[in-house]
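# Report on the structure
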Amino acid sequence: MNFPSSSAVPLGSPLYEQIKQAMLSALAHGEWKQGEAIPPEKVLAERFGVSIGTLRKAIDELAAENILVRHQGRGTYVAVHTRNSHFFKFFRIVRQDGKKSYPTTELLRFRRVRAAGLAREKLALDAGSYVFEFSNVLSLNGDVVMVDEVSLPERLFPGMTERHLRERPSTLYSLYQDMFGVNVIATDERLRTCLASETHAPWLGVQEGQALLQIRRVAYSYHRLPVEWRVSHVNTEAYEYLGQEYTGGT
């Protein structure tokens, strides 16, 4: 079996899981790009030296994770993250009446610095690595609601500029995807409460010491590669965090 070396999985893992990791390696190396069809099942089964059934189980898992998508009669394609589905999968702040809306964003600051502290830890960077740090204020329905402070590893976003952020036509994750080939497919979020700091209070238009929601997020690409560390502070007077929505079933 010709598996990429980066597809290593724990000893004793099912064969389909090894195939899944091998396919993720191919995706991570840009062998198949978003919107493109992957090779036919017979070709892939021969490549990896497995049965069609084993291959299909691997593809089933990747489809369930919205990494691949099957089109009846046409084949299997690398998923394209459209604006609506991709944005609201990861943006979970809504008005307390349940209304979802796209935020308007104001870039407050942008800089290139050496990664330190939590950013270096969360992004799994070596000492001395550089990151791009920037801060955005987000408004919903005309209300200033949250501040995002974002760190990105320079090695994954070479040449990023303030202009890229100010002039991006769509979401941040679309920018990552379209300009730098970095696909966000999953996030890990941790929520806690905090008090508005001297820095955040004027940005959010609240009193220093007011209670805020803090969201700490690591965004991942293929193989759980961390690509973004983000800390958000949210004014919850009229807005709230929406967890996983119920979509039916048992």
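Residues numbered from 1 in each chain as written. Predicted model: local features only at pLDDT ≥ 70, side-chain atom pairs only at ≥ 80, totals over all residues. Heavy atoms only, no water.

Within an unreviewed UniProt entry, the label attached to the protein chain reads GntR family transcriptional regulator, and the organism entered is Bordetella flabilis.

## Focus on the overall build of the protein chain
A tally of helices and strands in the protein chain yields 8 helices and 10 strands. Buried residues in the protein chain amount to 44% of all 250 residues. Across the protein chain, every contact between residues at least 6 apart in sequence was considered, and the portion connecting residues at least 24 apart equals 59%. Total accessible area on the protein chain is roughly 13300 Å²; 49% of this is exposed by carbon and sulfur atoms. (Helix = DSSP H or I, 4+ residues; strand = E, 2+ residues; numbered from the N terminus. Buried < 20%, exposed > 50% of the residue type's maximum accessible area, 1.4 Å probe, protein only. Contact = heavy atoms within 4.5 Å. Areas by Shrake-Rupley, 256 points an atom, 1.4 Å probe, with all protein chains shown as cover.)

## Thoughts on the pattern of salt bridges
With the rule as written, the count across this model stands at 15 salt bridges. When the shortest N-O distance is used, the salt bridge between R47 and E31 registers 2.7 Å. Here the residue R47 occupies a position in helix α2 (residues 41–48), and E31 occupies one in the loop between α1 (15–28) and α2, the gap between them amounting to 16 residues. Note that R230 and D148 form a salt bridge whose closest N and O atoms lie 3.0 Å from each other. Here the residue R230 occupies a position in strand β9 (residues 225–234), and D148 occupies one in strand β6 (residues 143–153), the gap between them amounting to 82 residues. A cluster of three or more residues bridged by salt bridges with shared partners is formed by K20, E61 and E65. (Salt bridge = Lys/Arg side-chain N within 4 Å of Asp/Glu carboxyl O.)

## Notes on the layout of surface pockets
The space that makes up the second largest pocket amounts to roughly 300 Å³. Taken together, 14 residues form the lining of the second largest pocket, with E133, E149, S151, W229 and V231 sitting closest to its centre. Those elements giving two or more residues to the lining of the second largest pocket turn out to be β4 (104–114), α5 (117–122), β5 (130–140), β6 and β9. When grouped by side-chain class, the residues that make up the lining of the second largest pocket number 7 nonpolar, 2 polar and 5 charged. (1 Å grid on protein atoms, 1.4 Å probe; cavity = no way out; pocket = protein on both sides within 12 Å on 5 of 7 lines; lining within 4 Å. Points joined across faces, edges and corners; volume = space filled by probe spheres on them. Nonpolar A, V, L, I, M, F, W, Y, C, P; charged D, E, K, R; others polar.)

## Side note on the pairing of strand β1 (residues 68–71)
Both β1 and strand β2 (residues 75–78) contribute to a ladder of 4 bridges, which runs antiparallel. Note that in β2 the partner of H71 across the bridge is G75. Counting the residues in the hairpin turn of β1 and β2 gives 3 residues, including G73, whose phi is positive at 80°. (Pairing = 2+ DSSP bridges.)

## Quick notes on helix α3 (residues 52–64)
Spanning 13 residues, α3 covers 18 Å between terminal C-alpha atoms, matching the ideal 18 Å at 1.5 Å per step. Downstream of α3 by one or two residues, N66 has phi in the positive range, about 60°. (Expected span 1.5 Å × (residues − 1).)

## Brief notes about the sheet that holds β6
Strand order in the open sheet formed by 6 strands is β4-β5-β6-β9-β8-β7, with antiparallel pairing between adjacent strands. Two strands in the sheet have a free side with no partner beyond their single neighbour: β4 and β7 (186–195). The sheet shows a mean angle of 15° between the axes of neighbouring strands, direction not considered. Pairing analysis gives 9 bridges linking strand β8 (residues 211–221) to β9, with the strands arranged antiparallel. Note that in β9 the partner of I215 across the bridge is S232. Packed onto the sheet, helix α7 (residues 172–180) meets β5, β6, β7, β8 and β9 and runs at close to 160° relative to β9. (Axes fitted to C-alpha atoms, helices over the stretch in contact; angles between N-to-C directions.)

## Notes on the environment of S101
With respect to the helices and strands, the residue S101 is situated in the loop between β3 (93–95) and β4. At 3.4 Å, the side chain of S101 and the side chain of N141 are in polar contact. (Polar contact = N/O pair within 3.5 Å; in protein donor to acceptor, adjacent residues only side chain to side chain.)

## Examining the nonpolar core
Counting 21 residues, the largest nonpolar core has M23, W32, I38, F48 and L55 as its most contacted members. Every element with two or more residues in this core is listed here: α1, α2 and α3. Of all the elements, α1 adds the most residues to this core, at 6 residues. F132, L165, Y176 and F180 belong to the second-largest nonpolar core, a separate cluster that totals 19 residues. (Core = buried A, V, L, I, M, F, W, Y, C linked by side-chain atoms within 4.5 Å.)

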